[in-house]
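Observations on the model geometry
So the chains spell out like this:
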Amino acid sequence: MYKCLGCGAMLQDKDEKKPGYVSEKVLIEKSNAICKRCFKIKNYGEYIPVKLSKEDYVKEVKKVLPSSELVILVVDIIEFSSSMDEDIITLIKDKPVILVVNKMDILPRQMNPSKTAVWIHERLKEYKLKVLDVAMISNISNYGVNGILRKINHFYKNGVNAVVMGATNVGKSTLINNYLAKNSVLTVSKYPGTTLNFVKMRIPDTKIVLIDTPGIIPKGRISDEVCEKCNLKIVPTKKVVVKRVKLDFERVIMLNGLLFIQNINNENERPIIDIYTGPDISVHETNIDKAEELMDRTIVNEIIKIPCDECIDTYYDNEFVYTEYSIPENTDFVIKGLGWIAVRRGPLNIKVKAPKNVEFITREVFIK
Ligand SMILES: Nc1nc2c(ncn2[C@@H]2O[C@H](COP(=O)(O)OP(=O)(O)OP(=O)(O)O)[C@@H](O)[C@H]2O)c(=O)[nH]1
Ligand SMILES: [Mg+2]
């Protein structure tokens with residue numbers, strides 16, 4: 001039995017709808033084939049979702065974790081909190097880790113790698129991980145990519161089997177492709193859930209074997225509550241943008257039709273906030289009656305846009321809850337899967353209306 005070189009699925013010629021499908025001829029004649037699904041993703045950018053359950057994910061990763069001396073944990077800087085998924089952390093807590101902080105290219109310009117590194121080292125104190133080193137990188141601009149190999153060589157002079165792990169869509173396969181002589185061997189795509197099984201790759205001219213793995217879908221991301229088209233609009237691929245808002249008494253901020261945030265500070269306090277999201281997210285200021293009406297009407301318009309016609313019904317089928325938060329000055333309020341709000345003049349007392357599954361956290365301010 002051979003595996004698909006792109007996604008790791010076992011090659012088979014029985015069921016065209018299942019992962020790893022190839023024609024009988026390919027199955028017999030070729031040991032280094034890619035499956036039909038990978039062919040379509042690579043050549044036509046098609047979206048062919050395969051969602052792994054947490055159990056399947058854990059089972060797959062456990063096939064390679066015990067025999068790997070090192071874990072390369074890849075996280076997305078824009079989604080740092082949800083990338084540090086607790087199931088992954090539990091799996092790797094006894095292994096040495098090199099933390100790779102990816103997608104530095106989409107951070108706002110004032111956030112350089114050294115400032116980010118200081119902030120990341122502070123955050124790491126919250127996790128029980130054996131971190132050997134941290135690398136800030138961008139696969140897209142190629143920043144810091146070779147530095148990872150240097151770090152691995154420094155710690156493992158005689159070579160190593162390193163398993164590359166992380167949440168889905170953080171850029172694990174893209175990273176490994178960067179080291180392969182013939183680029184783009186592993187299938188990558190803008191949609192989550194691309195790699196299906198582990199794939200071992202020896203890095204040319206080194207004694208390093210990198211093992212690609214599927215990603216886990218982290219808990220609590222609002223981007224997972226909408227359709228794929230909306231997901232692509234929410235998850236930033238270009239530079240994150242910032243919008244500054246001075247919140248008047250009882251005013252409401254709507255982030256498209258996804259959620260709203262009402263200022264419940266006293267009348268004489270006017271909090272100032274910076275909202276960091278992908279460029280396709282719109283910030284609309286209104287009053288509570290209008291916000292409730294907009295999120296009740298389930299009609300896609302200029303303000304709503306996301307969720308779109310396709311997913312608006314299922315999105316509003318979610319159970320919505322109102323939760324109050326009090327966020328001190330110089331603190332970020334993170335909306336998992338969407339972005340974060342930095343409180344510049346606080347405190348910020350808010351009531352948030354959002355789907356029950358969506359998680360929010362506060363953290364030390366990232367961009368000062
Ligand atoms: N802006 C930006 N995009 C990146 C970077 N690295 C990867 N991407 C994009 O992120 C998306 C996901 O990349 P993949 O390599 O498929 O991610 P993965 O972690 O292997 O995903 P799964 O296989 O689903 O777990 C693709 O659209 C990549 O082009 C980066 O450094 N910057
Ligand atoms: Mg992948």
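A brief report on the enclosed structure follows.

Here we come to the overall build of the protein. In terms of regular secondary structure, the protein is built from eleven helices and 16 strands. Against the 2.2 N^0.38 benchmark of 21 Å for 368 residues, the protein shows a C-alpha radius of gyration of 22 Å, consistent with a compact globule. When its C-alpha atoms are laid out on the principal axes, the protein stretches across 70 × 45 × 30 Å. Put simply, the protein has 368 residues, and 52% of those count as buried. Across the protein, contacts joining residues at least 24 apart in sequence account for 72% of those joining residues at least 6 apart. Summed over all atoms, the accessible surface of the protein reaches about 17400 Å², with 49% contributed by carbon and sulfur. Distance between charge centres in the protein, computed from 55 positive and 47 negative side chains, equals 7 Å.

Okay, the side chain of lysine 353 next. Along the chain, lysine 353 falls in strand S15 (residues 348-355). A distance of 2.9 Å separates polar atoms of two side chains, one belonging to lysine 353 and the other to glutamate 292. Sequence-distant contacts of lysine 353, that is, excluding residues within four places in its chain, are made with Leu259, Phe260, Glu292, Met295, Phe320, Val321 and Tyr322.

Pairing is antiparallel across the open sheet formed by five strands, whose spatial order is S7-S10-S14-S13-S16. Looking at the sheet topology across the chains shown, the edges are occupied by strand S7 (241-246) and strand S16 (360-364). The mean angle between the axes of side-by-side strands here comes to 25°, regardless of whether they run parallel or antiparallel. One ladder, built from five bridges, connects strand S13 (residues 331-335) with S16; its direction is antiparallel.

A few words now on the coordination of the magnesium ion (ligand 2). Taken together, the protein ligands of the magnesium ion (ligand 2) are Ser173 (OG) and Thr195 (OG1), with distances of 2.0 to 2.1 Å. Taken as a pair, serine 173 in helix H8 (residues 172-179) and threonine 195 in the loop between H8 and strand S5 (199-202) lie far apart in primary sequence, 22 residues in all. We classify threonine 195 as buried; its relative accessible area is 9%.

With five of five residues buried, strand S9 (residues 259-263) lies mostly within the body of the structure. Of the two faces of S9, the one lined by Leu259, Ile261 and Asn263 and the one lined by Phe260 and Gln262 are each fully buried. Bridge count for strand S8 (residues 252-255) against S9 is four bridges, and the pairing is antiparallel. Across the sheet, residue isoleucine 253 finds its bridge partner in S9, namely isoleucine 261. The antiparallel hairpin formed by S8 and S9 contains three residues in its connecting segment, where asparagine 256 sits at a positive phi of about 45°.

Right, let's get into the site of ligand 1. Residues in close proximity to ligand 1 total 24 residues, the closest being Asp105, Asn139, Thr168, Lys172 and Thr174. Between isoleucine 140 and ligand 1, the recorded distance is 3.5 Å, taken from a backbone N or O atom to an oxygen atom. Between ligand 1 and the protein, one listed contact pairs an oxygen atom with a backbone N or O atom of asparagine 169 at 3.0 Å. Across the complex, the protein chains shield 92% of the 660 Å² of accessible surface that ligand 1 would expose by itself. In terms of residues, the shell around ligand 1 owes the most to one element, H8, which gives three residues. Among the residues making up the shell around ligand 1, the classes are represented as six nonpolar, 14 polar and four charged.

Two elements in contact, helix H7 (residues 145-155) and H8, have axes separated by 10 Å at closest approach and are oriented at 80°. One finds that H7 runs roughly perpendicular with respect to H8. Residues Val145, Asn146, Ile148 and Leu149 of H7 form the contact with H8, whose own contacting residues are Leu175, Asn178 and Tyr179. Here the residues of the contact of H7 with H8 are counted per class, giving five nonpolar, two polar and no charged.

This next bit is on helix H3 (residues 54-62). Buried residues of H3: Tyr57, Val58, Glu60 and Val61, and no others. Around the axis of H3, the buried residues are gathered within 165° of arc, so they sit on the same side. Facing away from the buried side of H3, by more than 90 degrees, are the exposed residues Glu55, Lys59 and Lys62. Looking at the buried positions of H3, the neighbouring elements they touch are helix H5 (86-92) and strand S4 (160-165).

Looking now at the pattern of salt bridges. Here the structure, examined in full by the defined rule, presents 23 salt bridges. A salt bridge links glutamate 364 to arginine 123, with the nearest nitrogen and oxygen atoms 3.6 Å apart. A residue pair is termed long-range when its members are at least 10 positions apart, and glutamate 364 in strand S16 and arginine 123 in helix H6 (residues 113-124) qualify at 241 residues. By relative accessible area, which is 35% here, glutamate 364 ends up partly exposed.

Glycine aside, residues mostly have negative phi, and peptide bonds are mostly found in the trans state. Across the junction of isoleucine 306 and proline 307, the peptide omega takes the value 0°, indicating a cis bond. Although it is not a glycine, asparagine 330 sits at a positive phi angle of roughly 60°. By the secondary structure assignment, asparagine 330 is in the loop between strand S12 (320-327) and S13. Accessibility expressed as a relative area gives 46% for asparagine 330, which makes it partly exposed.

Criteria and thresholds
- Residues numbered from 1 in each chain as written.
- Chains lettered and ligands numbered in written order.
- Predicted model: local features only at pLDDT ≥ 70, side-chain atom pairs only at ≥ 80, totals over all residues.
- Heavy atoms only, no water.
- Helix = DSSP H or I, 4+ residues; strand = E, 2+ residues; numbered from the N terminus.
- Rg over C-alpha atoms; globule rule 2.2 N^0.38 Å.
- Buried < 20%, exposed > 50% of the residue type's maximum accessible area, 1.4 Å probe, protein only.
- Contact = heavy atoms within 4.5 Å.
- Areas by Shrake-Rupley, 256 points an atom, 1.4 Å probe, with all protein chains shown as cover.
- Lys, Arg positive; Asp, Glu negative; His and termini not counted.
- Charge placed at Lys NZ, Arg CZ, Asp CG, Glu CD.
- Polar contact = N/O pair within 3.5 Å; in protein donor to acceptor, adjacent residues only side chain to side chain.
- Pairing = 2+ DSSP bridges.
- Axes fitted to C-alpha atoms, helices over the stretch in contact; angles between N-to-C directions.
- Donors = N, O, S within 2.8 Å, 3.2 Å for Na, K, Ca; no water.
- Near = heavy atom within 4 Å.
- Nonpolar A, V, L, I, M, F, W, Y, C, P; charged D, E, K, R; others polar.
- Parallel < 35°, antiparallel > 145°, perpendicular 65-115°, else oblique.
- Arc of directions from axis to C-beta.
- Salt bridge = Lys/Arg side-chain N within 4 Å of Asp/Glu carboxyl O.

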